[in-house]
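In case you want the letters, here they are:
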Protein chains: 2
Amino acid sequence: MKDIAKRFEQNPLLSPKDLPASTDGLQITCLLNPGVFQYEGKTWLLVRVAERPEQKEGVISFPILTETGTEIIEIPTNDPELIATDARVINYKGVDYLTTLSHLRLLCSEDGINFYEPKDYPLLVGEGMLETFGIEDCRVALIDGKYYLTFTSVSDNGVGVGLRTTTDWKTFEKHGMILPAHNKDCAIFEEKINGLFYALHRPSSVDIGGNYIWIASSPDGVHWGNHKCIIKTRKGLWDSKRVGAGAAPIKTEKGWLSIYHGANENHQYCLGAFLMDLEDPSKVIAQTELPIMVPSAEYELTGFFGNVVFTNGHIVEPDRDTVTIYYGASDEFVCGAKFSIKEIYSLLKFNNV
Amino acid sequence: MKDIAKRFEQNPLLSPKDLPASTDGLQITCLLNPGVFQYEGKTWLLVRVAERPEQKEGVISFPILTETGTEIIEIPTNDPELIATDARVINYKGVDYLTTLSHLRLLCSEDGINFYEPKDYPLLVGEGMLETFGIEDCRVALIDGKYYLTFTSVSDNGVGVGLRTTTDWKTFEKHGMILPAHNKDCAIFEEKINGLFYALHRPSSVDIGGNYIWIASSPDGVHWGNHKCIIKTRKGLWDSKRVGAGAAPIKTEKGWLSIYHGANENHQYCLGAFLMDLEDPSKVIAQTELPIMVPSAEYELTGFFGNVVFTNGHIVEPDRDTVTIYYGASDEFVCGAKFSIKEIYSLLKFNNV
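Everything in this summary refers to the structure shown in the same document. Here the structure is a predicted model, which means the values were calculated and not measured.

Observations concerning unusual backbone geometry
For residues other than glycine, phi is negative in most cases, and the peptide bonds are mostly trans.
All names here are of chain A.
Here comes step 1: In this model, Ala181 is joined to His182 through a cis peptide bond whose omega is -10°.
Here comes step 2: Examined against the element boundaries, His182 turns out to sit in the loop between strand S13 (173–179) and strand S14 (183–188).
Here comes step 3: Of note in this structure, Trp169 is not a glycine but carries a positive phi near 60°.
Here comes step 4: You can see Trp169 is positioned in the loop between strand S12 (158–166) and S13.

Here it is, written out as structure tokens:
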């Protein structure tokens, strides 16, 4: 299927082999889903780095964080109490675990294509009892000179959204979990609206409801309320099973534009877009019926978890029409692509028109 | 199994036949899970009233709220796209519905045993797109002269926690959904701690995690953050499958005491208790290993959904030892029972002692 994304010729920009593991005894399995921001004249990625030990025949092994450091759990693959049908999550003795442990790593670039690890910047790793299975898929929003990092915090307590803030990318203030389980894909708007912070987020329901995009508001960016469901999955379409917001919505003349991911029953992850009212972003005024990006390049079809394009970071270029997205392909590679906002608009179907 | 609850001889205090339905064409199926408070010298219940049309042979019918009023949905029981194995929730064409529509109704009593509907007080009903399947299981917390009502808001968007406040029980201020899907069992503490509101709540996880009790804090009671998981289900015990807080925790000398419900794999709902640190209620310092109340009376064993005792309302008596709980039995009746806090304490197992 043809789409309107202009992929970088240099894709994939980053592969697991391009970076050293964080810890002796671990390997990088996936490099994916970067948060993106501009800082000191450069383009920066906050890449999710998923690690595990080298896998040996007959054993599944994965790391978790404990109070004293990293512990490796090993389970024989023939253990009758092991369920390992998903590359990402396994169940052992009735308890779910991730097959990899993720942290977030800073990379920067002068040209937006060639990225390297700058000296003297810390890794962002899981801390405390709500992040023992790691932190993932960070969105970065710049508001009044402060960067707000919203990421998925994973532990045996559940999956929720954590917040840290920074101004210098060397020291970080922790604000705990701002959205409790089960929640992820939280993108804070980069501008207050009528004095309030706004954020998109994606709770999941065990029954009644689904994997839908919600919006919430906050007086301080830390405490959230007035939750409303604004985008649902659509039966029979490419986003029939789950939807989730990408990076911070883009302010345009006609409304706040969100690039989001949608997955179908076959776990194919595509990208689409929707538009929210400028004054009241809980009102969705348009949405693409077709995806704006569909996994089609080789690196999007084959990898750790194939048939996936997933974005949680972008740069709006100075022409205010070009959006450069960085995205995870097949849950294994970091790639780049450009969209024209005008072209996205041409695919939007407006409500009540 | 013997427990330490002293049930009212007059139980059940209220049965579906005791009240008129809210709407022509509906019947009251269940009267259950009252919020409880004292007001103008009386004991008040805010009872959940679950209604549906009289069920006819071969058809399942249930009401939902729409923008124009109440609509009845009818589904032939032999429709191959109907799954109706749970008395409370059905699935039709892949979408979940409740079999009954709940609203909240005020009853009051001079003696705490004989309750009646006072004149000139409104019904509390679902309003807006987040409450089309009704509102349920309200907790009432009195803070600085204002009553905070936290209840389950149900719609096809999901199940979350709504908040309304009142001072006179005739006019109510709506604060929207304070905790997004999937969440219920929210009990606000009746006193601020170090300047912050605190609440217990119960998110549910689709994978990784479970049905656990969390705590959150808030500057204003409306916007919530700093979520932490504090009580988990316990394998092999009576609370192995789900746990959820009852009414507002009770301030005692040794800590904040919460009476909570736990269910096992067989959907038997019992009550237990745990104790939180007075200064930092995210620290659990003790918990009962045994339940303090187990379904055993006839009206607790048999009804709309049998083998259930569930409380979300209580009064602490002037002796500061007696707690009168009101509770839902078998999801069909409202009952009462008394506990001695001293006796609950005797069942608490303290951590690190």
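Here we look at the relation of the copies chain A and chain B
Superposition of the two copies of the chain requires a rotation about an axis together with a shift along that axis.
Here comes step 1: The transform that puts chain A on chain B rotates by 180° and translates by 0.0 Å along the axis, for an RMSD of 0.0 Å. What the rotation and shift describe, once combined, is the action of a two-fold rotation axis.

Some details on the interface of chain A and chain B
Interface size is commonly expressed as the accessible surface area that is lost when the partners come together.
Here comes step 1: Contacts between the two partners involve 45 residues from chain A and, on the opposite side, 45 residues from chain B.
Here comes step 2: Roughly 3,200 Å² is buried in total at the junction of chain A and chain B, and carbon and sulfur atoms are behind 60% of that figure.
Here comes step 3: There are 2 salt bridges connecting chain A and chain B.
Here comes step 4: Across the pair A:Lys232 and B:Asp156 runs a salt bridge, and its minimum N-O distance is 3.2 Å.
Here comes step 5: The interface formed by chain A and chain B includes 13 residue pairs in polar contact (both at pLDDT 80 or more).
Here comes step 6: Taken together, the elements giving at least two residues each to the side of chain A that touches chain B come down to strand S8 (95–98), strand S11 (146–155), S12, S13, strand S15 (197–203), strand S16 (213–218) and strand S17 (225–231) of chain A.
Here comes step 7: Among the elements that make up the side of chain A that touches chain B, the one with the highest residue count is S17(A) (5 residues).
Here comes step 8: Per-class residue counts for the side of chain A that touches chain B are 20 nonpolar, 17 polar and 8 charged.

A closer look at the sheet that holds strand S7 (residues 89–92) of chain A
Here comes step 1: An order of S6-S7-S8 (chain A) is seen for the 3 strands of this open sheet, with the pairing classed as antiparallel. Looking along the sheet, the strands with just one partner apiece sit at the ends: strand S6 (82–83) and S8 of chain A.

Focus on the sheet that holds strand S12 (residues 158–166) of chain B
All names here are of chain B.
Here comes step 1: A sheet is described by the order of its strands in space; here 4 strands give the open sequence S10-S11-S12-S13, paired in antiparallel fashion. Both edges of this open sheet fall to strand S10 (135–143) and strand S13 (173–179), since each of them pairs with a single strand only. Put simply, the sheet's adjacent strands are angled 25° from each other on average, direction ignored.
Here comes step 2: Strand direction decides the pairing type here: S10 and strand S11 (residues 146–155), joined by 7 bridges, are antiparallel.

Quick notes on empty space enclosed by the protein
Residues and elements named next belong to chain B.
Here comes step 1: On inspection of all chains with the given rule, the structure shows 1 cavity of 30 Å³ or more.
Here comes step 2: For the largest cavity, the calculated volume is near 30 Å³.
Here comes step 3: In this structure, the largest cavity is lined by Phe62, Pro63, Ile64, Tyr97, Leu98, Thr100, Leu101 and Phe133.
Here comes step 4: Of all the secondary-structure elements, those providing two or more residues to the lining of the largest cavity are strand S4 (59–66) and strand S8 (95–98).
Here comes step 5: Top element by residues in the lining of the largest cavity is S4. It accounts for 3 residues.
Here comes step 6: Among the residues forming the lining of the largest cavity, the class breakdown is 7 nonpolar, 1 polar and no charged.

Section: the pairing of strand S25 (residues 333–340) of chain A
All names here are of chain A.
Here comes step 1: Buried residues dominate S25, accounting for 7 of its 8 residues.
Here comes step 2: Here strand S1 (residues 6–7) runs beside S25; their pairing, made up of 2 bridges, is antiparallel. Bridge pairing in S25 places Arg7 opposite Ala337.
Here comes step 3: With 8 bridges joining them, strand S24 (residues 322–329) and S25 adopt antiparallel strand pairing.

Some words on the environment of A:Ile259
Residues and elements named next belong to chain A.
Here comes step 1: Tracing the backbone shows Ile259 in strand S20 (residues 255–263).
Here comes step 2: As a C-alpha pair, Ile259 and Arg164 span 95 residues in sequence and 23 Å in three-dimensional space.
Here comes step 3: Those residues within four positions of Ile259 in sequence are excluded, and the remaining contacts are Ala245, Gly246, Ala247, Leu271, Gly272, Ala273, Ile292, Thr311, Val323, Ile325 and Ile344.

Focus on the packing of aromatic side chains
Residue and element names in this part refer to chain A.
Here comes step 1: One pass over the full model with this rule turns up 34 aromatic pairs over all chains.
Here comes step 2: When the centroid spacing of 5.8 Å and the interplanar angle of 40° are considered together, the rings of Tyr97 and Phe133 count as tilted. With Tyr97 in strand S8 and Phe133 in the loop between strand S9 (101–109) and strand S10 (135–143), the pair connects residues that are 36 residues apart, well separated along the chain. An identical accessibility class is assigned to Tyr97 and Phe133; each is buried.

Basis of the calculations
- Residue indices begin from 1 for each chain and proceed along its sequence in written order.
- Written order decides the labels, with chains lettered from A and ligands numbered from 1.
- Totals for whole chains, interfaces and linings use every residue, but because this is a predicted model, local features are given only for residues with pLDDT of at least 70 and side-chain atom pairs only at 80 or more, for both listing and counting.
- As a rule here, side-chain values come from all non-hydrogen atoms in the structure, and water together with hydrogens is ignored.
- Put simply, DSSP marks the helices as runs of H or I at least four residues long and the strands as runs of E at least two long, and each gets a number from the N terminus on.
- Least squares is used to superpose the copies, and the fit set is the C-alpha atoms of residues whose pLDDT is at least 70 in both copies.
- Throughout, a contact is declared for two residues whenever any of their heavy atoms are within 4.5 Å.
- Summed over both partners, the accessible surface that disappears when two parts come together, traced with a 1.4 Å probe, is what is meant by buried area.
- By convention in these notes, a salt bridge is any Lys or Arg side-chain nitrogen within 4 Å of a carboxyl oxygen on Asp or Glu.
- N or O atoms closer than or at 3.5 Å make up a polar contact, with two conditions inside protein: a donor-capable atom paired with an acceptor-capable one, and, for residues adjacent in sequence, both atoms drawn from side chains.
- Three categories are distinguished: nonpolar for Ala, Val, Leu, Ile, Met, Phe, Trp, Tyr, Cys and Pro, charged for Asp, Glu, Lys and Arg, and polar for the others, with Gly belonging to the last.
- Between any two strands, pairing holds if DSSP finds at least two bridges.
- Helix axes are fitted to C-alpha atoms over the stretch in contact, other axes to C-alpha atoms as well, and angles between N-to-C directions run from 0 to 180 degrees.
- Any residue with an atom within 4 Å of a point lines the site, the site being either a cavity, points on a 1 Å grid over the protein atoms alone where a 1.4 Å probe fits but cannot get out, or a pocket, an open set with protein on both sides within 12 Å along at least 5 of 7 lines.
- Grid points are joined across faces, edges and corners, and a volume is the space filled by probe spheres set on the points.
- Throughout this description, buried means an accessible area under 20% of the type-specific maximum (1.4 Å probe, protein chains only), exposed means over 50%, and partly exposed covers the range between.
- Ring geometry is summarised as follows: Phe, Tyr and Trp rings, the Trp one being its six-membered ring, pair when their centres sit within 6.5 Å, and such pairs are stacked at plane angles under 30 degrees, edge-to-face over 60 and tilted between the two.

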